[in-house]
Amino acid sequence: MIEQQRTIGHIVPQEEEDTLQVLLALIDRQQIIEQEIQETEETLRAKKKNLAEIQDVRIPEILGSLGMKSFTLSDGKKISLVDHYYAHVSKANAHAAFEWLRDNNRGGIIKRNLIIADPNCSEELIAQVSQLGVAVELDEKIHPSTLKAFVKEQMTEEGNEFPRQLFSASVITKSKIA
């Protein structure tokens, strides 16, 4: 690049030439580091996938086939199976899920937010919003931790008729080494 500048009649002072060399070296180093990061992330993804196979499938299957939930190794490490609960209320299921919660006296876990689409709204306006005809939006959600605790409770109680599909509820048993 520097040679090209000289051939078209430009003379580059020495300190600018040194600066350009440093710049070119830094550009090369950036590209090397970006490639190393990409390779490291790919390696990490593969390791996480391998860990999940061992932790979520292989060890739980083997312990289950032996009729064991936990045991202690000779070095003192304890291997145990721990249930992890997952849930999510999709937009498609939100109305039915919230209705089920209210019908089963569990509506208290639903958080309701009233959104007023008026940036100049005063406290008085908020207090009188229903009578003033201001455009409002009601947003209902369940905090993820609250939903997880609720689902765990529902799935572990005997005889509970709980609509798992409404809450995309699942349980994954994982091994834990302590």
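Calculation criteria
- Residues numbered from 1 in each chain as written.
- Predicted model: local features only at pLDDT ≥ 70, side-chain atom pairs only at ≥ 80, totals over all residues.
- Heavy atoms only, no water.
- 1 Å grid on protein atoms, 1.4 Å probe; cavity = no way out; pocket = protein on both sides within 12 Å on 5 of 7 lines; lining within 4 Å.
- Points joined across faces, edges and corners; volume = space filled by probe spheres on them.
- Helix = DSSP H or I, 4+ residues; strand = E, 2+ residues; numbered from the N terminus.
- Patch = residues over 30% accessible without salt bridge, like charges linked within 9 Å, V, L, I, M, F, W, Y side chains within 5 Å.
- Areas by Shrake-Rupley, 256 points an atom, 1.4 Å probe, with all protein chains shown as cover.
- Salt bridge = Lys/Arg side-chain N within 4 Å of Asp/Glu carboxyl O.
- Expected span 1.5 Å × (residues − 1).
- Bend = angle between axes of the 7 residues up to and from the residue.
- Buried < 20%, exposed > 50% of the residue type's maximum accessible area, 1.4 Å probe, protein only.
- Lys, Arg positive; Asp, Glu negative; His and termini not counted.
- Charge placed at Lys NZ, Arg CZ, Asp CG, Glu CD.
- pLDDT = per-residue confidence, 0-100.
- Contact = heavy atoms within 4.5 Å.
- Phe/Tyr/Trp six-rings, centres within 6.5 Å; stacked < 30°, edge-to-face > 60°.

Regarding the layout of surface pockets
Over the atoms rolls a probe the size of a water molecule, and in doing so it shows where empty space is left. By volume, the largest pocket is sized at about 260 Å³. For the largest pocket, the full set of lining residues is Ala87, His88, Val89, Ser90, Lys91, Ala94, Phe98, Glu140, Lys141, Ile142, Pro144 and Leu147. Contributions of two or more residues to the lining of the largest pocket are made by helix H3 (91-103), strand E4 (136-141) and helix H6 (144-156). Residue contributions to the lining of the largest pocket peak at 3 residues, all from H3.

Topic: a nonpolar patch on the surface
Nonpolar side chains collect at one region of the surface, where Leu23, Leu24 and Ile27 lie side by side and expose about 230 Å² of accessible area between them. Positionally, isoleucine 27 belongs in helix H2 (residues 14-65).

Overview of H2
Look at H2: 75 Å from first C-alpha to last across 52 residues, which is about the 76 Å you get at 1.5 Å a residue. By the largest-angle criterion, isoleucine 54 marks the main kink of H2, which is about 35°. Residues of H2 that are buried: Glu17, Leu20, Pro60 and Leu63. Looking one or two places after H2, you find glycine 67, whose phi comes out positive at around 70°.

Here's the deal with a negative patch on the surface
Taken together, the side chains of Glu36, Glu39, Glu41 and Glu42 make up a negatively charged region of the molecular surface. Tracing the backbone shows glutamate 42 in helix H2. Of the residues examined, glutamate 42 reaches a relative accessible area of 42% and is grouped as partly exposed.

Examining the confidence of the model for the protein chain
Detailed reading of the predicted model is not advised wherever pLDDT is low. Across the protein chain, pLDDT averages 86, with 81% of residues at or above 70. For the stretch residues 1-8, pLDDT sits under 50, and the model shows 8 contacts to residues farther than four places along the chain or on other chains.

What to know about the packing of aromatic side chains
Inspection of every chain in the model, using the stated rule, returns 6 aromatic pairs. Arranged with centres 5.3 Å apart and planes meeting at 20°, the rings of phenylalanine 162 and phenylalanine 167 form a pair that is stacked. You can call phenylalanine 162 buried: its relative accessible area is 12%. Linked through ring pairs, Trp100, Phe150, Phe162 and Phe167 together constitute an aromatic cluster.

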